[in-house]
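Structural overview for review
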Amino acid sequence: MKTTTSYREELVGVFGFPVDENPTVVMMDAAFQSLGLPWRYLTLKVSPADLAVGIQGIRAMGFRGLNLTIPHKVEVLQYLDEVNADARIMGAVNTIYRDGERLIGANTDGKGFLKALRDDAHMDPAGRKFMILGAGGAARSISVELALAGAAEIEIVNRNETRARELVDLLRRNTKAQVTFREWNSEVSVPENVDGLVNATSIGLYPNIEELPSLNFETIRSGMVVCDVIPNPPRTRFVKEAEARGAITLDGLGMLVYQGAIAFKLWTGADAPVDVMKQALLAEFSG
Ligand code: NDP
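Residues numbered from 1 in each chain as written. Predicted model: local features only at pLDDT ≥ 70, side-chain atom pairs only at ≥ 80, totals over all residues. Heavy atoms only, no water.

A closer look at the sheet that holds strand β8 (residues 153-158)
- Strands sit in the order β9-β8-β7-β10-β11-β12 across an open sheet of six strands; the sheet is parallel. Each edge of the sheet is formed by a strand with only one pairing partner; in this case those strands are β9 (178-183) and β12 (248-250). Averaged over all pairs of adjacent strands, the angle between strand axes in this sheet comes to 15°, irrespective of strand direction.
- Two elements, strand β7 (residues 129-133) and strand β10 (residues 196-199), share four bridges in a ladder whose sense is parallel. From the neighbouring strand, Ile132 faces β10, where its bridge partner is Val198.
- Its contacts with the sheet put helix α6 (residues 161-174) on β8 and β9, and the angle it makes with β9 is roughly 175°. (Pairing = 2+ DSSP bridges. Helix = DSSP H or I, 4+ residues; strand = E, 2+ residues; numbered from the N terminus. Axes fitted to C-alpha atoms, helices over the stretch in contact; angles between N-to-C directions. Contact = heavy atoms within 4.5 Å.)

This is the structure:
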């Protein structure tokens, strides 16, 4: 008779509303399988009204961690025992991990972007100038991490001025970067001294794959770094247009995998198999 079998699995997952189309389970399950870990990633539809009891639930069931997506990233802060400094500046948490009984909030989105920038585009953001299209959640996490990593200048380009001003103020209050705002009501050009350009809007996301940000693409210089946050399709029109002008490009799939890999490490303590995770998502998006 076997005496050491455990049928219990370690649980992690994501709360969202809606959440059905969130693909994170695909890369996490591939990672657990690849490392032979008895872990499960659950995609859970939790309404805003149920967030508090949902978090009580993960405490009660001993979840090892959790991702948060729309609309929970901001509201969840009040239910945590601690929030990491960068996530506190952003005012948004996308990952919860445990320290014993304590639930700690982190934000891995911007960190995933930084890892792609450093490892794949070989760029250190310290002392560089960035132009960021958008001022929503993705722009917020990316610009905070860039500024904390020593970026010298950040220009936020956005349609909605109120939203952009909030982000500009937040960056000025909490970081040393020189931050400016440009209103986006017509085609925008990339200034000559910009080292990195980021599309942090939802323009080009599947199924609207023909959409392009209103940008004078002729102002993209050869050798500059151009990044897109859109993970699906991985090679957006924006990425292709930048590549055609000789830019070094980063796609949103890399960022998605890296932010997941950082969460994976926080939960399991193990280095995530990033190639396995990326292949799993590529297969999912092309299927
Ligand atoms: P938000 O809704 O918070 O922000 C969307 C931003 O896009 C706003 O600044 C909005 O401008 C701008 N925008 C949308 N449509 C247009 C348009 N037609 N013209 C000009 N500006 C536009 O979304 P998030 O920041 O949370 O997400 C943005 C994208 O980032 C999503 O597609 C998401 O998939 C992706 N993402 C990718 C991640 C990754 O790991 N790869 C991680 C997180 C997000 P305005 O303020 O004027 O409305």
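Here the narrative resumes.
Some details on the nonpolar core
- Core analysis: the largest hydrophobic core is formed by 37 residues, its most contacted members being Leu117, Ile132, Leu146 and Ile156.
- Summarising the domain contributions, this core has at least three residues from each of domain 1 (10-107 + 255-286) and domain 2 (110-250).
- Filtering out sequence-adjacent residues up to four positions away, Ile132 remains in contact with Ala139, Ile142, Ser143, Leu146, Ile154, Glu155, Ile156, Val157, Val198 and Ala200.
- Counting residues in each nonpolar core, the second largest holds 23 residues, with Val19, Met28, Trp39 and Leu256 among its members. (Core = buried A, V, L, I, M, F, W, Y, C linked by side-chain atoms within 4.5 Å. Buried < 20%, exposed > 50% of the residue type's maximum accessible area, 1.4 Å probe, protein only. Domains from an automatic or database assignment.)

Description of the site of the ligand
- Taken together, 23 residues lie around the ligand, and Ala135, Ala138, Asn158, Arg159 and Val229 are the ones closest in.
- Backbone polar atom of Gly136 to an oxygen atom of the ligand: 3.4 Å apart, as the coordinates give it.
- One of the side-chain nitrogen or oxygen atoms of Asn158 is found 2.9 Å away from an oxygen atom of the ligand.
- The fraction of the free accessible surface of the ligand (920 Å²) that becomes covered by protein chains is 77%.
- Secondary structure elements with two or more residues in the shell around the ligand: α5 (137-148) and α8 (252-268).
- Sorting elements by how many residues they give to the shell around the ligand places α8 first, with four residues.
- Considered class by class, the residues forming the shell around the ligand number 11 nonpolar, nine polar and three charged.
- A domain split of the shell around the ligand shows at least three residues from each of domain 1 (10-107 + 255-286) and domain 2 (110-250). (Near = heavy atom within 4 Å. Polar contact = N/O pair within 3.5 Å; in protein donor to acceptor, adjacent residues only side chain to side chain. Areas by Shrake-Rupley, 256 points an atom, 1.4 Å probe, with all protein chains shown as cover. Nonpolar A, V, L, I, M, F, W, Y, C, P; charged D, E, K, R; others polar.)

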